[in-house]
Amino acid sequence: MKKRPSDDAKIRGIHELYAEDPEAADKQLWDREVDPTSRRGFLKRSSLLAMAAAVGGSIPFADRMPGGLIPAALAQSDESFNLEGKDGLTVLNDRPINAETPPHLLDDDVTPAKHMFVRNNGIPPAVEDIDVDSWELEIGGESCKNPQSFTIAELKERFEHHTYQLTVECGGNGRHEYVPSASGNQWTTGAVACPTFTGVRLRDVLEACGIADDAVYTGYYGADAHASGDPDRDPISRGVPIDKALEDESLIAWAMNGEDIPYLNGHPLRVVCGGWPGSVSGKWLERIVIRNQKHDGTKMAPPSYSVPKHPVAPGSEVPEEDFVTIHSMPVKSLVTYPESGTEQSRDEPMTVRGHAWAGDLSVKEVHISIDFGATWQKADLKDAPNRLAWQRWTTSVEFPEQGYFEIWARATDEDGRSQPMVVPGWNPKGYLNNACHRIAVQVA
């Protein structure tokens, strides 16, 4: 079984990584391969640039540097390998950066920037290369009648501003529970967030550029680079059907929670299409295309962000033609209070709360169980502040005796579909796990 970071490994320091396994740290941080004979570390051009940026200058004799050796400039520093602007996240991967949020840190009604998960497919543009004043968004494509470009200032001046609270969730959230395991970041439950986003409607911008009658899809391109460093390869370029793009809540956003979008979450400009896999909400946005066919950008083809049309046996090989692209995310819920592992007195009722969401739909009910799903009690459920935002639920539970208990949460959407009690049907990429979330409680 693949080893996961422990719950208390919130920030993996560079010293800790090298102390655990120097060669693995080389691979994880710099994508540096160690020659087993010479013990020299081989750095690709992109990896060399990353190391040079970290140490503050070029490395003339990099080809002679021993593998598994932390650069002295970093060895002399007490700085952790940290994620700027984030707090308490568990790092799953450092190149590209991917980090999730423990459930108890998602207890806010509106997710704060420091607790917004990070899911990157490529390498973000360097901070020093981001010039908000000169940043431009190009609109084009076969079905765009009047291609145009806009600065961020022009977007703000020309189009009406809108703010929505929107649920953004990685399609692979919960992947770690699938057996056999699926490739990709082994997310538990923390690749989800629901902050507010401010920007202009994608619809307004597309209509200003003219949408041809044959338009069926949109696609985006960002300023992030492919992890290989190859400038001719896109790390990701996905999109949505034109109907989704034209919804009121689909935004071209420059702000999150009333401030600049965090750097690791797409500053200075991104698309946000709530309720669908987070991969359709492109970051570091530079270009949007209106297509007369389904967008064919990077990671649009199966098996990326796709699931089998029909149930398959675990571990099966699935032909490309038997996949369907993921659209709306399934109904799901999360217990955000208390934290799993908490202790509780039998003599006192326990307050339990969390969030529930259902892709394009609303949540109708949330139920809680303390007896492994044998019986359920209904929780109080609030309406969403707007469409495509999660909904707060709360309840109180009493425990009949001392011992170990689990609190399970199960949401039901407006169409009557409920979360399964166990992991749903297996798929090759480990997408759409919406099994009941559960936490542990010790009652004394």
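Here the structure is shown first, and the text comes after it.
## A word on the overall build of the protein chain
- A count of helices and strands for the protein chain gives 7 helices and 27 strands.
- Expressed as a percentage of the 444 residues in the protein chain, the buried residues total 52%.
- Intrachain contacts of the protein chain at a sequence separation of at least 6 include 70% that bridge at least 24 residues.
- About 20,200 Å² of surface is accessible on the protein chain, with carbon and sulfur atoms providing 48% of the total.

## Points about the nonpolar core
- Counting 38 residues, the largest nonpolar core has Ile139, Leu155, Ile252, Leu269 and Ile288 as the members making the most contacts within it.
- At the level of elements, strand S6 (136-140), helix H5 (152-158), helix H6 (202-209), helix H7 (242-245), strand S13 (251-256) and strand S16 (285-291) are the ones that each hand at least two residues to this core.
- Among the elements that take part in this core, H6 stands out by supplying 4 residues, more than any other.
- Every residue in contact with Leu269, bar those within four places of it in the chain, is listed here: Trp135, Leu137, Ile152, Leu155, Ile252, Ala253, Trp254, Lys283, Trp284 and Leu285.
- If you look at the next biggest cluster of nonpolar residues, it comprises 20 residues, including Val335, Val366, Trp393 and Phe405.

## Structural notes on the sheet that holds S16
- Strand order in the open sheet formed by 4 strands is S7-S6-S16-S12, with mixed pairing between adjacent strands. The open sheet has two edge strands, strand S7 (148-151) and strand S12 (217-222), and neither has a second partner. Averaged over all pairs of adjacent strands, the angle between strand axes in this sheet comes to 15°, irrespective of strand direction.
- Sheet topology places S6 next to S16; 3 bridges connect them, and they run parallel.

## With respect to the sheet that holds strand S25 (residues 391-397)
- Here we have 4 strands laid out as an open sheet, ordered S19-S21-S25-S24, and antiparallel in their pairing. The two strands at the open ends of the sheet, each matched to only one other strand, are strand S19 (332-337) and strand S24 (380-381).
- The sheet contact formed by strand S21 (residues 350-357) and S25 spans 7 bridges and is antiparallel. Counterpart to Gly354 in the pairing with S25 is Trp393.

## Brief notes about the pattern of salt bridges
- According to the stated counting rule, one finds 19 salt bridges in the structure shown.
- With a closest N to O distance of 3.6 Å, Glu138 and Arg287 form a salt bridge. One end of the pair, Glu138, is in strand S6; the other, Arg287, is in strand S16, with 149 residues separating them in the sequence.
- Here Glu169 and Lys332 are joined by a salt bridge, their closest N and O atoms 2.9 Å apart. You can see Glu169 sitting in strand S9 (residues 168-169) and its partner Lys332 sitting in strand S19, a full 163 residues away along the chain.
- Residue class for Glu169 comes out buried when judged on its relative accessible area of 3%.
- A relative accessible area of 8% places Lys332 in the buried class.
- One salt-bridge network, held together by shared partners, links Lys244, Glu247, Glu249, Asp360 and Arg387.

## Comments concerning the side chain of Glu100
- Position of Glu100 among the secondary structure elements: in strand S4 (residues 97-100).
- One polar contact links Glu100 to Thr188, side chain to side chain, over a distance of 2.9 Å.

## A short note on the side chain of Thr412
- By the element assignment, Thr412 lies in strand S26 (residues 403-413).
- With relative accessibility at 8%, the residue Thr412 sits in the buried group.
- Engagement of the side chain of Thr412 in a polar contact is seen with the side chain of Ser418, the distance being 2.6 Å.
- With sequence-adjacent residues up to four places away left out, Thr412 is seen in contact with Val331, Val363, Lys364, Glu365, Arg417 and Ser418.

Reading guide: rules and limits
Residues numbered from 1 in each chain as written. Predicted model: local features only at pLDDT ≥ 70, side-chain atom pairs only at ≥ 80, totals over all residues. Heavy atoms only, no water. Helix = DSSP H or I, 4+ residues; strand = E, 2+ residues; numbered from the N terminus. Buried < 20%, exposed > 50% of the residue type's maximum accessible area, 1.4 Å probe, protein only. Contact = heavy atoms within 4.5 Å. Areas by Shrake-Rupley, 256 points an atom, 1.4 Å probe, with all protein chains shown as cover. Core = buried A, V, L, I, M, F, W, Y, C linked by side-chain atoms within 4.5 Å. Pairing = 2+ DSSP bridges. Axes fitted to C-alpha atoms, helices over the stretch in contact; angles between N-to-C directions. Salt bridge = Lys/Arg side-chain N within 4 Å of Asp/Glu carboxyl O. Polar contact = N/O pair within 3.5 Å; in protein donor to acceptor, adjacent residues only side chain to side chain.

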